[in-house]
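Chain residues, written in single-letter form:
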Amino acid sequence: MKPKIFIACQTFPEILAYLVPHCEVDEHRGEDALQGAALAARLADKDAAMLTAVERVDAGLLAACPRLKAICNIAVGYNNIDVAACTAAGVMVTNTPGVLDDTTADLAWALILAAARHVVAADQWLRAGKWPGLRFKQWLGSDVHHATLGIFGMGRIGQAVARRARGFAMRVLYHNRKRLPEQTERAAHAEYVTKEALLKESDFVVLTLPYAPENHHLIGAAELALMKPTAHLINVARGGIVDDAALVAALKEGRIAGAGLDVYENEPALHPGFLELSNAVLTPHIGSASRATRLKMALRAAENLVAALTTGNPPDLVNPEVKRE
Ligand code: GLV
């Protein structure tokens, strides 16, 4: 009998074509993400699941799904999953590293440019019929070229953001849990600095680090106070790394110039203050959302799933402690 698997979202025909010879597939086709009891009910008879970054997995859910052997996130981040609980339950967890770096870096750059040059607010103003014609001091923004870019989290995505900065002749600073080898720093043309120096010196502070409890509210009121009043904050990482209430206050009072945000605390609910700000560009967690990249992510998750069920050795295993030989 083929193993039974659950996919938490509609993917692509290519993914089903790959999976169907191996498994009996149950794909969730609704718009709303399944959570809690509804998710447990769908997973109760499944051997493995492909989830997105939003379905939450905890010990309670695992207890209700005793057949589960693998949870394959279609995302590089996996803070939606209690990995320790999965390990304790003997459930493999995988993610999709490496396939979304450039696409996510592109979005970081879209937000940098849009925030610096008021692209969205100016578009809305023009559409509202408010343009009286070109005026010399209309919509004056900040230069991106020759400015200083500060990257928090210099993993693959951070390095892809840094590479793009060369075309804008920027100085690139970075801060990371661990300093990178000299050769990698040289390739990224990036200089390692302390968190404080990065916040004080950067014109654009970009967050590309994974969420972990130790970096909850890494950027709060104190950190925002260190930034230049002309600086912008860009977050393509995860909600919760930034204290959204503190950011709304800083933007409202003009203590920093602007923000470009793709992720929020308590998604999809937004801090209501964001909606009133014209100096924040807001996108709905679309960092990796190009067709080609989402296809690669889903395929990678599907390959992890099939490997987990057949060899017990998926390529992107996050908790190798549960590996079955
Ligand atoms: C998306 O947010 C991801 O982690 O891949």
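Source: prediction; values computed, not measured.

**Here's the deal with the sheet that holds strand S7 (residues 171–175)**
The strand order across the open sheet built from seven strands is S8-S7-S6-S9-S10-S11-S12, with neighbouring strands paired in parallel fashion. In this open sheet, the two edge strands, each paired with only one partner strand, are strand S8 (190–192) and strand S12 (280–282). Direction aside, the axes of adjacent strands within the sheet are offset by 20° on average. Judged from the four bridges that link them, strand S6 (residues 148–152) and strand S9 (residues 204–207) form a sheet pairing that is parallel. Across the sheet, the residue bridging to Gly 150 is Val 205, located in S9. Lying over the sheet, helix H5 (residues 101–116) contacts S6, S9, strand S10 (232–235), strand S11 (258–261) and S12, oriented at roughly 150° with respect to S10.

**What about the pairing of strand S3 (residues 48–51)?**
Burial of S3 is two-sided: the residues Ala 48 and Met 50 facing one way and the residues Ala 49 and Leu 51 facing the other way are all buried. Two strands pair when backbone bridges link them, and strand S1 (residues 4–7) and S3 are joined in this way by three bridges, in the parallel orientation. Pairing of Ile 7 across the sheet is with Met 50, part of S3.

**Considerations on the pairing of S1**
Alignment of S1 against strand S2 (residues 24–27), held across four bridges, turns out to be parallel. Within the sheet, the bridge partner assigned to Ile 7 lies in S2 and is Glu 27. Viewed along the sheet, the connection from S1 through helix H1 (residues 13–19) into S2 turns out right-handed.

**Observations concerning the site of the ligand**
Near the ligand, the surroundings consist of Ala 75, Val 76, Gly 77, Leu 100, Arg 238, His 285 and Met 297. Take Gly 77: an N or O atom from its main chain is 2.8 Å from an oxygen atom of the ligand. In this structure, His 285 approaches the ligand through a side-chain N or O atom, which is 2.7 Å from an oxygen atom. For the ligand, whose accessible area on its own is 190 Å², the fraction buried by protein is 88%. Residue composition of the shell around the ligand, grouped by class: four nonpolar, two polar and one charged.

**Quick word on the packing of H5 against helix H7 (residues 156–165)**
With their axes 8 Å apart at the nearest point, H5 and H7 run at an angle of 55° to one another. Taken together, the axes of H5 and H7 are oblique relative to one another. Relative to H7, the crossing made by H5 is right-handed. Listed contacts from H7 to Asp 101, Asp 102, Thr 104, Ala 105, Asp 106, Ala 108 and Trp 109 of H5 are Arg 156, Ile 157, Ala 160, Val 161, Arg 163, Arg 164 and Ala 165. Broken down by class, the residue content of the contact of H5 with H7 amounts to seven nonpolar, one polar and six charged.

**Observations concerning the packing of aromatic side chains**
This structure, assessed with the given rule, holds four aromatic pairs. Consider the rings of Trp 109 and Phe 168, whose centres lie 4.6 Å apart with planes at 20°: the pair is stacked. One end of the pair, Trp 109, is in helix H5; the other, Phe 168, is in the loop between H7 and S7, with 59 residues separating them in the sequence. Look at Trp 109 and you get buried, because its relative accessible area is 5%. Look at Phe 168 and you get partly exposed, because its relative accessible area is 28%.

**Overview of the nonpolar core**
The biggest cluster of nonpolar side chains holds 30 residues, and the ones touching the most others in it are Phe 152, Leu 207, Leu 224, Leu 233 and Leu 247. Those elements that provide at least two residues to this core are helix H9 (195–201), S9, helix H11 (244–252) and S11. Considering each element in turn, this core owes the most residues, five residues, to H11. Discounting chain neighbours no more than four positions away, the residues touching Leu 233 are Val 205, Leu 207, Ile 219, Leu 224, Met 227, Val 242, Leu 247, Ile 256, Gly 258, Ala 259, Gly 260 and Leu 261. By size, the runner-up hydrophobic cluster in this structure holds 29 residues, among which are Leu 111, Val 144, Leu 149 and Val 236.

**Points about a nonpolar patch on the surface**
A cluster of nonpolar side chains, Leu 126, Trp 131 and Leu 134, forms an exposed patch at the surface whose accessible area comes to about 370 Å². By the secondary structure assignment, Trp 131 is in the loop between helix H6 (119–127) and S6. Given the relative accessible area of 47%, Trp 131 is considered partly exposed.

**Focus: the sheet that holds S2**
Backbone-to-backbone hydrogen bonds join strands into a sheet, with any given pair of strands oriented parallel or antiparallel. With respect to topology, five strands assemble into an open sheet ordered S2-S1-S3-S4-S5, the strand pairing being parallel. Here the strands that pair on one side only, and so sit at the sheet edges, are S2 and strand S5 (92–94). Looking at each pair of strands side by side, their axes are set apart by 15° on average, direction ignored. Two elements, strand S4 (residues 70–73) and S5, share three bridges in a ladder whose sense is parallel. Residue pairing for S5: Ile 71 is matched across the bridge by Val 93. Contacting S1, S2 and S3, helix H2 (residues 36–43) crosses the sheet at an angle of about 150° to S1. Along the sheet, helix H13 (residues 291–310) makes contact with S1, S3, S4 and S5, crossing S3 at roughly 165°.

Definitions and cut-offs
- Residues numbered from 1 in each chain as written.
- Predicted model: local features only at pLDDT ≥ 70, side-chain atom pairs only at ≥ 80, totals over all residues.
- Heavy atoms only, no water.
- Pairing = 2+ DSSP bridges.
- Helix = DSSP H or I, 4+ residues; strand = E, 2+ residues; numbered from the N terminus.
- Axes fitted to C-alpha atoms, helices over the stretch in contact; angles between N-to-C directions.
- Contact = heavy atoms within 4.5 Å.
- Buried < 20%, exposed > 50% of the residue type's maximum accessible area, 1.4 Å probe, protein only.
- Right-handed = clockwise from strand over helix to strand, strands pointing away.
- Near = heavy atom within 4 Å.
- Polar contact = N/O pair within 3.5 Å; in protein donor to acceptor, adjacent residues only side chain to side chain.
- Areas by Shrake-Rupley, 256 points an atom, 1.4 Å probe, with all protein chains shown as cover.
- Nonpolar A, V, L, I, M, F, W, Y, C, P; charged D, E, K, R; others polar.
- Parallel < 35°, antiparallel > 145°, perpendicular 65-115°, else oblique.
- Left-handed = near helix turned anticlockwise from the far one by under 90°.
- Phe/Tyr/Trp six-rings, centres within 6.5 Å; stacked < 30°, edge-to-face > 60°.
- Core = buried A, V, L, I, M, F, W, Y, C linked by side-chain atoms within 4.5 Å.
- Patch = residues over 30% accessible without salt bridge, like charges linked within 9 Å, V, L, I, M, F, W, Y side chains within 5 Å.
- Salt bridge = Lys/Arg side-chain N within 4 Å of Asp/Glu carboxyl O.

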